[in-house]
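Secondary and tertiary structure notes
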Amino acid sequence: MKYRQLGQTDLKVSEVSFGTWAIGGAWGKTNDAKALESLQYAIDAGVNFFDTADVYGEGHSEELLAKATKGKEDKIHIATKFCRAGDIHDPATYSEESVRSYCEASLKRLERDQIDLFQIHCPPIGILKDGDVFRVLDKLKEEGKIRYYGVSVETIEEGLLCLEYPGVSTLQVIFNLFRQKPLEELFPKAYEKGVGILTRVPLASGLLTGKFKKNSSFEQDDHRNFNRNGEAFNVGETFAGIEFEKGVELSNEIDWIARDRESMTTAALKWILEHKEVSCVIPGFKNIDQVKQNLKAVEVPDFTKEEMEKLKAFYQQEVHGSIRGAY
């Protein structure tokens, strides 16, 4: 495993880390035994950073991480998120009373005394412009409840706004072969300011694994079914905002990336890691095989300059116009 500095924090995180949305819920059936087995495998392989949220399985993924990291709290870093258990548009959700309550609840589920990285979970831009929530987070940091804080954002505009607040240590951003827009302005500015970048939805909800057909279906409680067109939350969180059948076509167009790189999955993750601004990539998982596949991204060959240019042109000419939702 290779490690990267998380912005200007004192944390060094595994460049392939993991998100835990899928083992918490909203990705179809879950299996706690397989989840814990997978977490243990990842930890044994050198993964030292996991991202979660209080709404993943209504806190269940936090509880699973508590079990998996018991006795390793000083070695395994956890990032969690808050605000979406309430009304994200209500300023009261970001009051000191509310944020402190979210923090204490996560600490209890994680069975920890301190949260390594506490992130606002995709708040409206008005909340970010107001800025009061950052003063609350500064207070929690001073008290030692949280070590650092960051923001998970949906749009470039939101990310750039967050960079204006000196206490923001990280940004969590949707970034993959289908969502290259952050490279234009956001990533360079974040890198210049020493803000770490966590890249989520790295496989476009599975499109970039190359395993789907146009007639593929998903379970009723899988967001790839119930949020396919943004019915429940930002459409960009599902298939990177691309209409599913179009996404299957696009993934087929770039299946060449898998040549000499094990699979489309490992190649897609490797492409993300080619960018120096990225602190880590956080794919999801539900079983050991998926963990193993994702971890191979650190071993496969780099992309050539010509390949990188080809993929940039592919995004600009074939993909960008097909992305729906705030971006």
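I will try to describe carefully the structure that is included in this document. Because the structure is a prediction, the values reported are computed rather than measured.

Brief notes about the pairing of strand β6 (residues 115–121)
- Of all 7 residues that make up β6, 7 are buried, and the element is covered over most of its length.
- Here 4 bridges tie strand β5 (residues 77–82) to β6, and the two strands are oriented parallel to one another. Following the sheet pairing, Ala79 is matched in β6 by Leu117.
- In this view, the connection linking β5 to its parallel neighbour β6 by way of helix α4 (residues 96–110) has right-handed handedness.
- Taken together, the 6 bridges between β6 and strand β7 (residues 146–152) define a ladder with parallel strand orientation.

Digging into the sheet that holds strand β9 (residues 196–200)
- Read across the sheet, 8 strands follow the order β3-β4-β5-β6-β7-β8-β9-β10 without closing on themselves; strand pairing throughout is parallel. Looking at which strands have only one partner, the edges of the open sheet turn out to be β3 (18–19) and β10 (280–281).
- Pairing between strand β8 (residues 168–174) and β9: 5 bridges, direction parallel. Residue pairing for β9: Leu171 is matched across the bridge by Ile197.
- Packed on one face of the sheet, α4 meets β5, β6 and β7 and runs near 130 degrees to β6.

Comments concerning the packing of aromatic side chains
- Within the structure shown, the criterion is met by 16 aromatic pairs.
- Relative to Phe244, the ring of Phe212 lies with its centre 5.9 Å away and its plane at 55 degrees, an arrangement referred to as tilted. With Phe212 in the loop between β9 and α9 (223–226) and Phe244 in helix α10 (residues 244–253), this pair connects stretches of sequence that are 32 residues apart.
- Ring geometry for Phe218 and Phe239: centres 5.8 Å apart, planes at 50 degrees, overall tilted. Taken together, the residues Phe218 in the loop between β9 and α9 and Phe239 in the loop between α9 and α10 connect sequence positions 21 residues apart. For the residue pair Phe218 and Phe239, the accessibility class agrees, reading buried in each case.
- Each residue in the set Trp21, Tyr56, Phe226 and Phe233 is aromatic and connected to the rest through ring pairs, giving one cluster.
- Lying over the aromatic face of Tyr327, Arg179 brings its terminal NZ or CZ to 4.1 Å of the ring centre.

Thoughts on the layout of surface pockets
- Here the second largest pocket defines a volume of roughly 150 Å³.
- Around the second largest pocket sit 13 residues that line it, and Gln8, Pro166, Val168, Ser169 and Gly194 are the ones nearest its centre.
- A breakdown of the residues in the lining of the second largest pocket according to their chemical character gives 6 nonpolar, 5 polar and 2 charged.

Considerations on the pairing of β9
- Taking burial as the measure, the 5 residues of β9 include 5 buried ones, the bulk of the element.
- A two-sided burial pattern is seen for β9, the buried positions comprising Gly196, Leu198 and Arg200 on one face and Ile197 and Thr199 on the other.
- Read as a crossover between parallel neighbours, the route from β8 over helix α8 (residues 186–193) to β9 is right-handed.
- Here β9 pairs with β10 via 2 bridges, running parallel. Bridge pairing links Leu198 to Cys280 in β10.

Quick notes on empty space enclosed by the protein
- The final tally for this structure, using the stated rule, is 1 cavity of 30 Å³ or more.
- One number sums up the size of the largest cavity: a volume of about 40 Å³.
- In this structure, the largest cavity is lined by Val153, Glu154, Thr155, Ile156, Val173, Ile174, Arg179, Pro182 and Tyr327.
- Residues belonging to the lining of the largest cavity are distributed by class as follows: 6 nonpolar, 1 polar and 2 charged.

Concerning the nonpolar core
- Ranked by internal contacts, the top residues of the largest apolar core, which has 89 residues, are Phe118, Leu137, Leu171, Phe178 and Ile254.
- The element contributing the most residues to this core is helix α11 (residues 264–273), with 7 residues.
- Leu6, Leu11, Leu117 and Leu198 belong to the second largest nonpolar core, which has 10 residues in total.

About the cut-offs
Residues numbered from 1 in each chain as written. Predicted model: local features only at pLDDT ≥ 70, side-chain atom pairs only at ≥ 80, totals over all residues. Heavy atoms only, no water. Buried < 20%, exposed > 50% of the residue type's maximum accessible area, 1.4 Å probe, protein only. Helix = DSSP H or I, 4+ residues; strand = E, 2+ residues; numbered from the N terminus. Pairing = 2+ DSSP bridges. Right-handed = clockwise from strand over helix to strand, strands pointing away. Contact = heavy atoms within 4.5 Å. Axes fitted to C-alpha atoms, helices over the stretch in contact; angles between N-to-C directions. Phe/Tyr/Trp six-rings, centres within 6.5 Å; stacked < 30°, edge-to-face > 60°. Lys NZ or Arg CZ within 6 Å of the ring centre and 35° of its normal. 1 Å grid on protein atoms, 1.4 Å probe; cavity = no way out; pocket = protein on both sides within 12 Å on 5 of 7 lines; lining within 4 Å. Points joined across faces, edges and corners; volume = space filled by probe spheres on them. Nonpolar A, V, L, I, M, F, W, Y, C, P; charged D, E, K, R; others polar. Core = buried A, V, L, I, M, F, W, Y, C linked by side-chain atoms within 4.5 Å.

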